[in-house]
Amino acid sequence: MPISPGGMSVFFRSIEWSHSFCRSRLFSSQPSKSSWFWNRRALLLLAAGSGGLMVLADAALSQELNPAEGSDKDLNKKKVLVLGTGWAGTSFLKNLDCSKYNVQVVSPRNYFAFTPLLPSVTCGTVEARSISEPIRKIVKRKEEDVSFWEAECSEIDSKQKKIFCCSNIDNSKDKENFALDYDYLIIAVGAKSNTFNTPGVDKYCHFLKEVEDAQRIRGSIVDCFERGSLPHLSNEERERILHFVVVGGGPTGIEFAAELHDFIHDDLLKLYPSLKEFVKITVVQSGDHILNMFDQRISDFAENKFQRDGIEIKTGCRVVEVTDKYINMKEKQSGATLSISYGMIVWSTGIGTRPVISQFMKQIGQTDRRVLATDEWLRVKGCDDVYALGDCATIEQRKIMEDISYIFKIADKDNSGTLTVKEFKDVIEDIRMRYPQIDLYLEREHMKNAAKLLEGTAENAHGQTIQLNIEQFKTAISRVDSQMKALPATAQVAAQQGTYLARCFNRMDISAAEPEGPLRFTGTGRHRFRPFLYKHLGQFAPLGGEQTAAQLPGDWVSIGHSSQWLWYSVYASKQVSWRTRVLVVFDWTKRVIFGRDSSGM
Ligand code: FAD
Ligand code: MG
């Protein structure tokens, strides 16, 4: 049966539907006063749902390390060892059926931190403890036994299936070293801040990556105000001390700058009114615009809002050195050097590789890379039974053009050298599952191009079915690989990968008999699992003054107070426990009633 040009479009209609649903339900342009009220209530109602998390452990090792734990471990179960208690590791543990494995968790941090609220912690809008949940508490919610070791993995030996750890609980004492073995290793250690080896950054700048960083920044801001109000200072020195510089115009840097502006103007200047004329915030960005990963409307709005708020934005400037009092920059266009004095700098220019990952990459031959390369099933390339997810890894999506001849051969069931519409239809679902870039291509190029892709198999003007030979097939598919893009380093990706991998592990025993993945175009049979498929649910950029920009799938943009309410409800709903959810909402309420706390503790 011939396919009409729009024959493959059911899938796209579903995407369109979900976009229009979001548009109509959540972002109906300017709401009236009454709908604004109901929207608020609806959004608050959205703030629900969460879960627990959990881990198991290897009996022998558990007992050796901690005799109190793991006495009833089933030694026949495979050992799953999870590195990291961030977004990816926690999401994996929460969704894993821990009754099927002996699970151990190793992380230098014995809690999960809700990183999207870290900028709020820097200014005391939210307290650090409100966004952190002890990992032992999360894993306790599961009924199975799980072991947690507060330690850092210092080396991975994938040949011996062993990791080496170093516990440094009390910094003043000697480090405790120990080794653990595994059947499956889940690497979810995240990333560290990237300084691009810029001199002075490590010594003089604050980073905003961990809860401790946010707490240090909070103390430093208040210190700057106290120092700036000392009686003996010249005005020039006061200006320097009260100059806050944010390096990096991405979402984290911009959110911090906006929070800082609100903290200074809503709270601090009420207590230090004489310092008003000396305070300044500057954002330094190497690109031409801030928030350049967002829609241009958001980037423009943010730039205009910052200008109105008196936050200076220096675009096209690269920091080349930081000294105790100055930041030296180079203007990209003119090549001129520029030096500005500062009182405090927050460095937020992206992420770099953790040493344990760099070392592991060398060991498995993944050199000259920033993150671990995995396949579409999150398996680390070049070793067995090792998985990596979140910020420390990237999926290397296989190009469809590499396999095009195999695909054609499998699709051409009658070996006629051409594909009929039916032959094409029989394999298209498997092709889409194996090479998700096809869907991205069709989504981005919209429906008319979806039709074009199938032009060769459509009916001609006389109602006759056109058949494709391999060259025509190649031409139809040739642009698809251009849509391949690395996934962003976000909590959203990390959490979805954790959930996906846990599901694969939960189905490990049944998947051999009942494979659910696509056809193996370069082999026989089917893949055991579907490849990981990321579903982008949207992105927020809080801009201060109770205004947030939201960009939802389908490039739907909403900016203003209504998105701020959406931001509140989404972030409350995504909390890992009811305790943190209640505390966060309580902190927001407390801030409205009493303002932020400006004591320098
Ligand atoms: P992480 O969450 O960083 O977790 C890594 C874990 O590994 C930690 O528990 C760490 O202690 C542990 N670890 C580190 N080294 C070792 C080792 N050697 N051995 C064992 N364990 C180790 N994303 C969004 O989607 N939306 C946002 O609004 C957002 N806002 C952000 C705001 C800030 C300030 C920051 C810093 C990030 C933000 N992100 C946001 C990004 C998001 O936090 C990361 O993408 C996400 O945390 C990645 O998850 P992960 O599990 O890979 O790493
Ligand atoms: Mg054929």
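One can find the structure itself at the top, above this paragraph.
In this text, all values refer to a predicted model and were calculated from it rather than measured experimentally.

**Q** Explain the site of ligand 1 to me, and be specific about the residues and the numbers.
**A** Close to ligand 1 lie 31 residues, the nearest being Ala88, Thr115, Cys153, Asp391 and Ala491. The backbone of alanine 188 places a nitrogen or oxygen atom 3.4 Å from an oxygen atom of ligand 1. Residue alanine 491 places a main-chain N or O atom 2.9 Å away from an oxygen atom belonging to ligand 1. Within the residue set of the shell around ligand 1, elements represented by two or more residues are helix 4 (87-95), strand 2 (101-107), helix 5 (118-122), strand 6 (152-157) and helix 17 (491-506). Ranked by the residues each element gives to the shell around ligand 1, the list is headed by helix 17, at three residues. Each residue belonging to the shell around ligand 1 can be placed in one class, and the counts come to 16 nonpolar, ten polar and five charged. Each of domain 2 (76-191 + 353-397 + 489-535) and domain 3 (201-352 + 537-594) contributes no fewer than three residues to the shell around ligand 1.

**Q** Describe the packing of aromatic side chains, and please don't skip the residues or the numbers.
**A** Scanning the model with the defined rule gives 18 aromatic pairs in all. Directly above the aromatic system of phenylalanine 278 lies the positively charged group of arginine 238, at a separation of 5.9 Å from the ring centroid. For arginine 581, the ring lying beneath its charged end belongs to tryptophan 578, and the centroid distance is 4.2 Å.

**Q** Outline the state of the cysteines, supporting the account with residue identities and numerical values.
**A** What makes a disulfide is a covalent bond joining the sulfur atoms belonging to two cysteines. Counted under the stated rule, the structure contains zero disulfides. Among the cysteines around cysteine 165, which has no disulfide bond, cysteine 153 carries the closest sulfur, lying 5.4 Å off. Owing to a relative accessible area of 2%, cysteine 165 belongs among the buried residues under this scheme.

**Q** Tell me about the pairing of strand 6, residues and numbers included.
**A** Across five bridges, the pairing between strand 6 and strand 7 (residues 162-167) is antiparallel. Each bridged residue has a counterpart across the sheet, and for glutamate 152 the counterpart in strand 7 is cysteine 166. Joining the antiparallel neighbours strand 6 and strand 7 is a turn of four residues, in which lysine 161 adopts a positive phi near 55°.

**Q** Pulling in residues and values, what's your account of the packing of helix 8 (residues 211-228) against helix 10 (residues 251-271)?
**A** Running from amino to carboxyl end, helix 8 crosses helix 10 at an angle of 45°, the nearest separation of the two axes being 12 Å. In terms of their interaxial angle, helix 8 and helix 10 are classed as oblique. At the point where helix 8 passes helix 10, the crossing takes the right-handed sense. Where helix 8 abuts helix 10, its residues Ile217, Ile221, Val222 and Phe225 lie against Phe256, Leu260, Phe263, Ile264, Leu268 and Leu269. Here the contact of helix 8 with helix 10 is composed, by residue class, of ten nonpolar, no polar and no charged.

**Q** Requested: an account of the pattern of salt bridges, with residues and values cited.
**A** In total, this model carries 30 salt bridges according to the counting rule given. Lysine 280 is paired through a salt bridge with glutamate 312; the nearest N and O atoms lie 2.8 Å apart. Here lysine 280, found in strand 13 (residues 280-285), pairs with glutamate 312, found in strand 14 (residues 311-315); they are 32 residues apart in sequence, far enough to count as distant. A salt bridge links glutamate 516 to arginine 507, with the shortest nitrogen-to-oxygen separation between them at 3.2 Å. The structure contains a network of salt bridges with shared partners spanning Glu127, Arg218, Asp587, Lys590 and Asp597.

**Q** How would you summarise the environment of glutamate 376 if you had to cite specific residues and measurements?
**A** Here glutamate 376 shows up in the loop between strand 20 (372-374) and strand 21 (386-388). Once the C-alpha coordinates of glutamate 376 and isoleucine 395 are considered, the two residues, 19 residues apart in sequence, prove to be 5.8 Å apart. Setting aside residues up to four positions removed in sequence, glutamate 376 forms contacts with Ile395, Glu396, Gln397, Arg398, Arg434, Tyr500, Pro531 and Phe532. A polar side-chain atom of glutamate 376 sits 2.9 Å from a polar atom in the side chain of arginine 434.

**Q** So, the sheet that holds strand 9 (residues 184-187): which residues are in play, and what are the values?
**A** Strand order in the open sheet made by the five strands is 5-2-1-9-21, with parallel pairing throughout. Of all the strands in the sheet, just strand 5 (147-150) and strand 21 have a single pairing partner and so form its edges. Neighbour-to-neighbour, the strand axes of the sheet open up by a mean angle of 20°, direction not taken into account. Bridge count for strand 1 (residues 78-83) against strand 9 is four bridges, and the pairing is parallel. Within strand 9, the residue paired with leucine 83 across the bridge is isoleucine 187. Against the sheet, helix 4 engages strand 1, strand 2 and strand 9, with an angle of about 150° to strand 1. Across the sheet, helix 17 lies against strand 1, strand 2, strand 9 and strand 21, angled at about 170° from strand 9, the strand it touches most.

**Q** Explain the nonpolar core residue by residue, including any values.
**A** Within the largest apolar cluster, 97 residues are counted, with the highest numbers of intra-cluster contacts made by Phe92, Ile221, Phe225, Phe244 and Phe505. Taken domain by domain, the makeup of this core includes at least three residues from each of domain 2 (76-191 + 353-397 + 489-535) and domain 3 (201-352 + 537-594). Setting aside its immediate chain neighbours within four residues, isoleucine 221 contacts Thr122, Cys123, Phe244, Phe256, Leu260, Phe263, Leu268 and Met344. Residues Leu81, Leu83, Leu180 and Leu372 belong to the second largest nonpolar core, which totals 27 residues.

**Q** Can you lay out unusual backbone geometry for me, pointing to particular residues and giving the numbers?
**A** One non-glycine residue with positive phi stands out, namely leucine 291, at about 50°. Within the element layout of this structure, leucine 291 appears in the loop between strand 13 and helix 11 (296-309). In this structure leucine 291 comes out as buried when scored by relative accessible area, which is 0%. One non-glycine residue with positive phi stands out, namely asparagine 415, at about 55°. As for its position among the elements, asparagine 415 is in the loop between helix 13 (404-411) and strand 23 (418-419).

**Q** Residues and numbers for the pairing of strand 15 (residues 317-322), please.
**A** Successive residues of a regular strand alternate their side chains across the two faces of the sheet. Pairing of strand 15 with strand 16 (residues 326-331) involves five bridges; the strand directions are antiparallel. By the bridge assignment, valine 319 is partnered in strand 16 with methionine 329. Counting the residues that bridge the hairpin from strand 15 to strand 16 gives three residues.

**Q** Residues and numbers for a nonpolar patch on the surface, please.
**A** There is a patch of nonpolar side chains on the surface, built from Val592, Ile593 and Phe594 and spanning about 380 Å² of accessible area. Secondary-structure assignment places isoleucine 593 in helix 20 (residues 578-594). Taking the relative accessible area as the measure of exposure, isoleucine 593 reaches 59% and is therefore exposed.

**Q** Hey, could you go over helix 10 for me, with residue numbers and the actual values?
**A** Each turn of an α-helix holds 3.6 residues, which means side chains three or four residues apart point in the same direction. Over its 21 residues, helix 10 extends 29 Å from the first C-alpha to the last, a length consistent with the 30 Å expected when each residue adds 1.5 Å. Within helix 10, the axis deviates most sharply at isoleucine 264, by approximately 40°. Here helix 10 lies mainly inside the structure; 15 of its 21 residues are buried.

The rules we used
- Along each chain, the written sequence defines residue order, and numbers are assigned to residues from 1.
- Starting at A for chains and at 1 for ligands, labels are handed out in the order in which the entities are written.
- Under the rules for a predicted model, residues below a pLDDT of 70 receive no local features and side-chain atom pairs below 80 are neither given nor counted, while totals for whole chains, interfaces and linings still include all residues.
- Working from all heavy atoms in the structure, the side-chain values ignore hydrogens and water.
- Note on terminology: near, applied to a residue and a molecule or strand, indicates that one of the residue's heavy atoms is within 4 Å of it.
- Whenever two N or O atoms come within 3.5 Å, that pair is a polar contact, provided that in protein one can donate a hydrogen and the other can accept it, and provided that, for residues adjacent in sequence, both atoms are side-chain atoms.
- Working definition: helices are DSSP H or I runs of at least four residues, strands are E runs of at least two. Numbering for both runs from the N terminus.
- Side-chain classes are defined by residue name, with Ala, Val, Leu, Ile, Met, Phe, Trp, Tyr, Cys and Pro counting as nonpolar, Asp, Glu, Lys and Arg as charged, and the others, Gly among them, as polar.
- The domain boundaries here were taken from an automatic or database domain assignment.
- Stacked, tilted and edge-to-face are the three classes assigned to paired rings of Phe, Tyr and Trp, where Trp is represented by its six-membered ring and a pair needs centres within 6.5 Å; plane angles under 30 degrees give stacked, over 60 edge-to-face, the rest tilted.
- Any Lys NZ or Arg CZ that is within 6 Å of a ring centre and within 35 degrees of that ring's normal is treated as a charge sitting over the ring.
- A pair of cysteine sulfur atoms is labelled a disulfide when the two atoms are within 2.5 Å.
- Each residue gets one of three labels from its accessible area relative to the maximum for its type: buried under 20%, exposed over 50%, partly exposed in between, using a 1.4 Å probe on protein chains only.
- Strand pairing is assigned whenever DSSP identifies at least 2 bridges connecting the two strands.
- To obtain an axis, a line is fitted to C-alpha atoms, over the contacting stretch when the element is a helix, and the angle between two such axes runs from 0 to 180 degrees between their N-to-C directions.
- An angle below 35 degrees is read as roughly parallel, one above 145 as roughly antiparallel, one from 65 to 115 as roughly perpendicular, and any other as oblique.
- Two helices that cross are described as forming a left-handed crossing if the nearer one is turned anticlockwise from the farther one by less than a right angle, and a right-handed crossing if clockwise.
- In this analysis, two residues are considered to be in contact whenever any of their non-hydrogen atoms come within 4.5 Å of each other.
- Any Lys or Arg side-chain nitrogen found within 4 Å of a carboxyl oxygen on Asp or Glu counts as a salt bridge.
- By nonpolar core we mean a set of buried residues, namely Ala, Val, Leu, Ile, Met, Phe, Trp, Tyr and Cys, connected to one another through side-chain atoms within 4.5 Å.
- Two distance rules govern patches: like charges are joined within 9 Å, and nonpolar side chains (Val, Leu, Ile, Met, Phe, Trp, Tyr) within 5 Å, applied only to residues with over 30% relative accessible area and no salt bridge.
- The Shrake-Rupley method, run with a 1.4 Å probe sphere, supplies the accessible areas, and residue values consider only the shown protein chains as cover.
- Each residue after the first adds 1.5 Å to the expected span of a helix.
- Note that the bend at a residue is defined as the angle between axes fitted to the seven residues ending at it and the seven residues starting at it.

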